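Listed here are the chains, written in short residue letters.
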Amino acid sequence: MTIGFIGLGAMGRGMAANLLKAGEPLVVWNRNPGPVQELVDKGAQRAANASDAGRVDVLFTMLSDDAAVRAVLYDDGVFDALAPGSVHVNMATVSVEFAREMARVHAEKGIGYLAAPVLGRSDVAAAGKLNILAGGPIDLVKRVQPYFDLMGQKTWPFGDLPEQANAVKLGANLTLALAVEAMGESSALARAYGIAPADFLDLLASTLFAGSPVYKGYGGMIAQERYSPAGFKLALGLKDVNLALDAGRDKGVRLAAGQAVRDNLQRAVQQGEGELDLAALAKRSAGV
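Every value quoted in this text rests on a predicted model; they were computed, and no experiment measured them.

1. Observations regarding the sheet that holds strand S8 (residues 130–134)
Read across the sheet, three strands follow the order S7-S8-S9 without closing on themselves; strand pairing throughout is mixed. Both outer strands of the open sheet, strand S7 (118–119) and strand S9 (152–157), are each paired with one neighbouring strand and no more. As paired elements, S8 and S9 share five bridges and run parallel to each other. Bridge pairing links asparagine 131 to lysine 154 in S9. The strands touched by helix H8 (residues 138–151) within the sheet are S8 and S9, with S9 carrying the most contacts at an inclination of about 150°. The sheet strands contacting helix H9 (residues 162–192) are S7 and S8, and the helix crosses S8 at an angle near 135°.

Following this line, the structure appears as structure tokens:
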């Protein structure tokens, strides 16, 4: 099958590179042409435009949000380029409402649609060790599973509806933000009693949350106050928490802790910290 990949940011370029390493024929496009050349040098074919990348059997998109996906599909003509019988795998973290829209309009055109958001930062993507959350018809999941295996260490199927995988991803990212919030507040408490935050966070990562990459990785960043370069921007964390709150309201689920962490994220963005790593939320949580 012919494969296209649109969206070669920090995550997408590593994912696309892993497809190339396996010898898969890959057509790539990105609004910023820099990453395209990197992949062309590795054997990818450069698409003349976004719609050209959509003339494939399977199209992967890894874009930042609903608006970016909408712009590529509609404004850049990718939707018109996708042929009936082809499959579009949307690996972005998008709203459940947008997931429903995408499932409907793809079905109307006879195009398969899967949601496949991922867990893992850019280094995990480059290593091909992502966890892929798949939502959509199981026959489509099986069709693209060989490609998922090249990009991730495990595929987690979460229902026949794409929105289900997106809801899971939003729940996971809400949990991540809450964990950073918890580390910020609890280490501030320890600091107030003369305990170095690094020592306290090392305790958490070695005992209560032993084996957790979040407590080890983000805890280390918080202890070192190492907030850039960002692996996952704080502004994107705010976007995802807002989407999680929206998804909760859609089903009548009250997410009180989520609202509290959303307020802290909002204040951090308003004070110019949106481009820092999500770990910088700990500063706000601790009142720094």
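2. Here's the deal with the layout of surface pockets
The computed volume of the largest pocket comes to approximately 1,400 Å³. Met11, Gly120, Arg121, Gly231 and Phe232 are, among the 48 residues lining the largest pocket, the residues nearest its centre. When residues of the lining of the largest pocket are traced back to their parent elements, those giving at least two are helix H4 (66–75), S7, helix H7 (122–126), H9, helix H11 (213–224) and helix H12 (234–250). Broken down by element, the lining of the largest pocket gets its largest block of residues, six residues, from H9. In terms of residue class, the lining of the largest pocket is made up of 26 nonpolar, 13 polar and nine charged.

3. Section: the sheet that holds strand S3 (residues 45–46)
In spatial order, the strands read S3-S2-S1-S4-S5-S6; together these six strands make up an open sheet with parallel pairing. Because the sheet does not close on itself, it has two edges, and the strands there are S3 and strand S6 (112–115). When strand S5 (residues 87–90) meets S6, the two strands line up parallel, connected through four bridges. Note on S6: the bridge partner recorded for valine 89 is leucine 114.

4. Quick word on the side chain of histidine 88
Structurally, histidine 88 can be placed in strand S5. Classification of histidine 88 as buried rests on a relative accessible area of 0%. A distance of 3.0 Å separates a polar atom in the side chain of histidine 88 from a polar atom in the side chain of histidine 106. Apart from the residues lying within four places of it in its own chain, the contact partners of histidine 88 are Leu59, Thr61, Leu73, Leu82, His106, Ile111, Gly112, Tyr113 and Leu114.

Calculation criteria
Residues numbered from 1 in each chain as written. Predicted model: local features only at pLDDT ≥ 70, side-chain atom pairs only at ≥ 80, totals over all residues. Heavy atoms only, no water. Pairing = 2+ DSSP bridges. Helix = DSSP H or I, 4+ residues; strand = E, 2+ residues; numbered from the N terminus. Contact = heavy atoms within 4.5 Å. Axes fitted to C-alpha atoms, helices over the stretch in contact; angles between N-to-C directions. 1 Å grid on protein atoms, 1.4 Å probe; cavity = no way out; pocket = protein on both sides within 12 Å on 5 of 7 lines; lining within 4 Å. Points joined across faces, edges and corners; volume = space filled by probe spheres on them. Nonpolar A, V, L, I, M, F, W, Y, C, P; charged D, E, K, R; others polar. Buried < 20%, exposed > 50% of the residue type's maximum accessible area, 1.4 Å probe, protein only. Polar contact = N/O pair within 3.5 Å; in protein donor to acceptor, adjacent residues only side chain to side chain.

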